[in-house]
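The primary structure of each chain is shown beneath.
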Amino acid sequence: MSTEKKKMQRSAKRIKARNNAIVYIVLSILAVIWLFPVLWVILTSFRAEKGSYVSTFFPKSFTLDNYIKLFTDTSILNFPQMFLNTLLIAICSCVLSSFFLLSASYCLSRLRFKLRKPYMNMAMILGLFPGFMSMVAVYFILKAVGLTEGNNVRIALILCYSGGAALGFQITKGFFDTIPMALDEAALLDGCTRWQIFTKITLPLSKPIVIYTILTSFIGPWVDFIFAKVICRANADQYTVAIGLWRMLEKEYIDNWYTSFAAGAVLISIPIAILFLKLQKYYVNGMAGAVKG
Amino acid sequence: MNATSALKLRRAYQAQNPCTCMGALKNGGTATKLSAVVMGLGNMVHGQVPKGLLFLAVEIAYLVFMFTNGFHNLAMLVSLGSVERQEVWNEELQIFEYTHGDQSILLLLYGLATLMLTGVVFWIWRGTLKSAYHAECMAKAGKHINTFTEDLKELLDSNLYRLLMTPSMFFITVLTILPLVFMICMAFTNYSKIGNHLVLFDWVGLENFRTLFDSNSVLGSTFWRVLGWTLVWAFFATFTNYFAGMILAIVINRKETKYKGFWRFCFVLPCAVPMFVSLLIMRTMLQPEGAVNVLLRQLGLIADGTSLPFFTDPTWARVTVILINIWVGVPYTLLQLTGVLQNIPADLYEAATVDGANSVQTFFRITLPYMFYVTTPYLIATFTGNVNNFNVIYLLSGGDPVTDLASTAGSTDLLVTWLYKLTIDKQYYNVGAVVGILTFIILAVGSLLTYRRSKSYREEGGF
């Protein structure tokens, strides 16, 4: 009896070990598939041979020239200028759209007013239209106001990135909904205004979603390229990083710029990666809506 | 919300705040009624001078605008202009001069903007009536009428939503709603390169819809083909990502799996690389002479000089974009679903283990039903997102390969990328707008049907 039991335990252990081994092998293979392109970009960014087509997977010799070229060769594609443009746009639109989004979410979650339901329905309906449908029209409107020339392009882009932010309230509102109403009521009884409740109670309690909002709206301008392309058109000095990188892959530049493209990609990925990995926890919590049981 | 409860709510609202617009016109005093003509008069009579002056300023500004530009804009909206730009020989300067012609696109834009402005002013007009009537009622009841400072203070308290929502509403109106209405209007015009209508165009009614639904025309047959592929793509893109992400999350979160943080790091790292960068990299890697083919050749898996037709064969291209979409999307799905999976009550699993269920059974009987229940809104949003997934297709394949040279769309073109090609490349603005409207209708019908049927519909806010 006891030997049989031991045998069973041992076989159960063996099955477990086998399962674990399978899981680890599968995970490793998948991890390699997922990391392969990332690794390839990093290798390419240090590659000494130019051109996009190579005969070997690993570079023959390594160099830092690609990074240096990115910041010194400003005659055709002015990367430092693009970087500053994007940084400026990202900071401004981050501030604006975080404000719009958080305040709209607070109003929809906490306050009751007549247009509340109509607003939420409107947001849902607007979300179903293809975003690119109105892009041409947005360009015409900005042009009519005179925002498509010179430095005004930056303002136009900031407005584009932050203007519609309040329509994406769903996740944030869902998060605010989980904060007990009793807190607000208590604060009201104590004589707080609703503005004070918003800034002193709701926001501090919603750190994950506030960080998530700020993060996503900051990253937006770095990774959007199609809106920037339609609005910038020929204003080369107003290009954002995304258009710059895209242009490096065009037929006339790809041979000279491909490795620098990889370098640029690595450069803008690093800060985003650091932010992302640091704030991963908040991202997960934000999505889950803070209803942890 | 059904009709009766909506009515009840409305009544309750009216009982609480009797100052409606109609009430003001019916029961208000002379000053209140006159506010309908001279905005803000009612407020000024009852001592709210700054508020009344603000209302009056709005009225004057609106009237000035209407008499200088507005009425002209509205009139031109009907005809969209007819004066062609002409060359005139200037005898004095010995040059050709261009006369000022009409530009239909601008006329349409200004006309719509004027219409919207009128709507906003009408809304403010109703507000002034209500406000005047309110002030009158308060005065009659001998209650305190708010001063201007008190009104401003209320903006931070009971009227906070007005303060916070107005700026974003302004931008939404100008940058989202106006462009959308503008594009919808284009669907009913002949604004297109066909027939040279890029400067002057006219209303044509439902003509464009007819062309697109006529399967004998080139555009018509292309439309049905693109629509079919869009739906296939959206279905596969949504569910492959959903299940792959979920299974990966379950495997990583298993009690027995060690180094959870490391595994998660491996899969999350690609999502830290901006999506357009990773897509462009993927595209270059999968070219005939790209890294993947080179690697396969070096490993001896394919013969020298040959390459796998990732983006040159229609079927290959379609499978490739779906597979790469899994690569791009799974990290995000993993992150998003991890939190939800951790919310599944643990006692459900414990009970299942006690009852002797194996892991496959627990997955199908507990995990899946729970996930479907909680994430229906998420799934609908992802499906809609995938129908409108411009980035993946445009940056990866650009809609290629084009098999039929006569049509304007390639094999992997979605409705949105086709829309982009039609408007930006071909300048068939009207057809593009029709495609946009049809995409919207398909999405709206589809998501409303599934959303209303789902269990999570009743709970506002979803997961």
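Residues numbered from 1 in each chain as written. Chains lettered and ligands numbered in written order. Predicted model: local features only at pLDDT ≥ 70, side-chain atom pairs only at ≥ 80, totals over all residues. Heavy atoms only, no water.

On to the overall build of chain B. A tally of regular secondary structure across chain B gives 19 helices and 2 strands. Scaling as 2.2 N^0.38, a compact globule of 463 residues should have a C-alpha radius of gyration of about 23 Å, whereas chain B reaches 30 Å, well beyond that. Counting only C-alpha atoms and orienting by the principal axes, one finds that chain B spans roughly 90 × 85 × 40 Å. Among the 463 residues that make up chain B, the fraction classed as buried is 45%. Carbon and sulfur atoms make up 65% of the accessible area of chain B, which amounts to about 23400 Å² in all. Of the side chains in chain B, 31 bear a positive and 28 a negative charge, and the two mean positions are spaced by 14 Å. (Helix = DSSP H or I, 4+ residues; strand = E, 2+ residues; numbered from the N terminus. Rg over C-alpha atoms; globule rule 2.2 N^0.38 Å. Buried < 20%, exposed > 50% of the residue type's maximum accessible area, 1.4 Å probe, protein only. Areas by Shrake-Rupley, 256 points an atom, 1.4 Å probe, with all protein chains shown as cover. Lys, Arg positive; Asp, Glu negative; His and termini not counted. Charge placed at Lys NZ, Arg CZ, Asp CG, Glu CD.)

Next up on the list: the packing of helix H6 (residues 104-140) of chain B against helix H8 (residues 160-186) of chain B. All names here are of chain B. It is at 10 Å that the axes of H6 and H8 come closest, and there the two elements cross at 125°. Relative to H8, the element H6 is oriented oblique. Our pair here, H6 against H8, has a crossing hand that is right-handed. For the pair H6 and H8, contact is made by Ile105, Leu108, Leu109, Leu112, Ala113 and Met116 and by Thr173, Ile177, Leu178, Val181, Phe182, Cys185 and Met186, respectively. Classifying every residue of the contact of H6 with H8 by side-chain character gives 12 nonpolar, 1 polar and no charged. (Axes fitted to C-alpha atoms, helices over the stretch in contact; angles between N-to-C directions. Parallel < 35°, antiparallel > 145°, perpendicular 65-115°, else oblique. Left-handed = near helix turned anticlockwise from the far one by under 90°. Contact = heavy atoms within 4.5 Å. Nonpolar A, V, L, I, M, F, W, Y, C, P; charged D, E, K, R; others polar.)

For soluble globular proteins, the rule of thumb is that nonpolar side chains tend to be buried together. Ranked by size, the top nonpolar core spans 193 residues in total, and within it Trp233 and Trp418 of chain B carry the most contacts. Ranked by residue count, the leading element in this core is H8 of chain B, at 14 residues. Ignoring any residue separated from it by four or fewer positions in sequence, one finds Trp418 of chain B in contact with Leu212, Leu219, Thr222, Phe223, Val226, Thr408, Ala409, Asp413 and Val435 of chain B. One finds Ala273 and Phe276 of chain A together with Cys271 and Ala272 of chain B within the second-largest nonpolar core, a separate group that totals 6 residues. (Core = buried A, V, L, I, M, F, W, Y, C linked by side-chain atoms within 4.5 Å.)

Looking now at the interface of chain B and chain A. With 97 residues of chain B at the interface, the matching set in chain A holds 93 residues. Across the chain B/chain A interface, buried area totals approximately 8500 Å², and carbon plus sulfur atoms make up 80% of it. Of all residues in chain B, Leu164, Leu175 and Phe276 of chain B bury the most surface against chain A, accounting for 7% of the area lost on that side. At the junction of chain B with chain A, the criterion picks out 1 salt bridge. Among the ionic pairs, Arg194 of chain A bridges to Asp157 of chain B, the shortest N-O distance being 3.1 Å. (Buried area = accessible area lost by both parts, 1.4 Å probe. Salt bridge = Lys/Arg side-chain N within 4 Å of Asp/Glu carboxyl O.)

This part is about the packing of aromatic side chains. Any two aromatic rings considered together are summarised by their centre-to-centre distance and by the angle between their planes. In total, this model carries 43 aromatic pairs over all chains according to the counting rule given. Ring centres 5.5 Å apart and planes at 70° place the aromatic pair Tyr242 of chain B and Phe243 of chain B in the edge-to-face group. Three or more aromatic residues joined by ring pairs make a cluster, and in this case those are Phe225 and Trp246 of chain A together with Phe276, Phe390, Tyr394 and Tyr420 of chain B. The ring of Trp257 of chain A has Lys69 of chain A lying over it, and the distance from NZ or CZ to the ring centre is 4.5 Å. Over the ring of Tyr139 of chain A we find Arg233 of chain A, and its NZ or CZ is 3.7 Å from the ring centre. (Phe/Tyr/Trp six-rings, centres within 6.5 Å; stacked < 30°, edge-to-face > 60°. Lys NZ or Arg CZ within 6 Å of the ring centre and 35° of its normal.)

Bringing unusual backbone geometry into the picture now. Glycine aside, a negative phi is what most residues show, and trans is what most peptide bonds show. Residues and elements named next belong to chain B. The backbone phi angle of Gln427 is positive, close to 60°, even though this residue is not glycine. Note on placement: Gln427 falls in the loop between helix H18 (415-425) and helix H19 (429-453). For Gln427, a relative accessible area of 25% translates into the label partly exposed.

Moving on to the domain arrangement of chain B. Segmentation of chain B into domains returns domain 1 (3-186) and domain 2 (208-457). Just the C-alpha atoms count here: the centres of domain 1 of chain B and domain 2 of chain B sit 44 Å apart. (Domains from an automatic or database assignment.)

A word on the environment of Ser93 of chain A. Residue and element names in this part refer to chain A. In this fold, Ser93 is placed in helix H3 (residues 79-110). For the pair formed by Ser93 and Val223, sequence separation is 130 residues and the distance between their alpha carbons is 13 Å. When neighbours within four sequence positions are excluded, Ser93 is seen to be in contact with Ser98, Ile158, Tyr161, Ser162, Ser217 and Pro221.

Compared with an ideal rise of 1.5 Å per residue, which puts 13 residues at 18 Å, helix H4 (residues 116-128) of chain A spans 19 Å between its outermost C-alpha atoms and is within 8% of the ideal. Turning to H4 of chain A, its buried residues are Arg116, Tyr119, Met120, Ala123, Leu126 and Leu128 of chain A. (Expected span 1.5 Å × (residues − 1).)

Here we come to the domain arrangement of chain A. All names here are of chain A. Domain parsing of chain A yields domain 1 (2-45) and domain 2 (67-288). Each of domain 1 and domain 2 was reduced to a C-alpha centroid, and the two centroids are 39 Å apart. Residue-level contacts link 5 residues of domain 1 with 7 residues of domain 2. Roughly 450 Å² is buried in total at the junction of domain 1 and domain 2, and carbon and sulfur atoms are behind 74% of that figure. Its largest share of buried area at the contact with domain 2, domain 1 owes to Val41, Thr44 and Ser45, together 82% of the area lost on that side. Joining domain 1 to domain 2, the criterion identifies 0 salt bridges. In this assembly, domain 1 and domain 2 are joined by 1 residue pair in polar contact (both at pLDDT 80 or more). Residues that form the side of domain 1 that touches domain 2 fall into these classes: 3 nonpolar, 2 polar and no charged. (Polar contact = N/O pair within 3.5 Å; in protein donor to acceptor, adjacent residues only side chain to side chain.)

Residues and elements named next belong to chain B. Relative to the assigned elements, Asn190 resides in the loop between H8 and helix H9 (207-213). For Asn190, a relative accessible area of 16% translates into the label buried. A distance of 2.9 Å separates the side chain of Asn190 from the backbone nitrogen of Asp202, its partner in a polar contact. Not counting chain neighbours up to four residues away, the residues in contact with Asn190 comprise His197, Phe201, Asp202, Val204 and Asn430.

Together, Lys6, Lys7, Arg10 and Arg14 of chain A make up a region of like positive charge exposed at the surface. Assignment of secondary structure puts Arg10 of chain A in helix H1 (residues 2-45). (Patch = residues over 30% accessible without salt bridge, like charges linked within 9 Å, V, L, I, M, F, W, Y side chains within 5 Å.)

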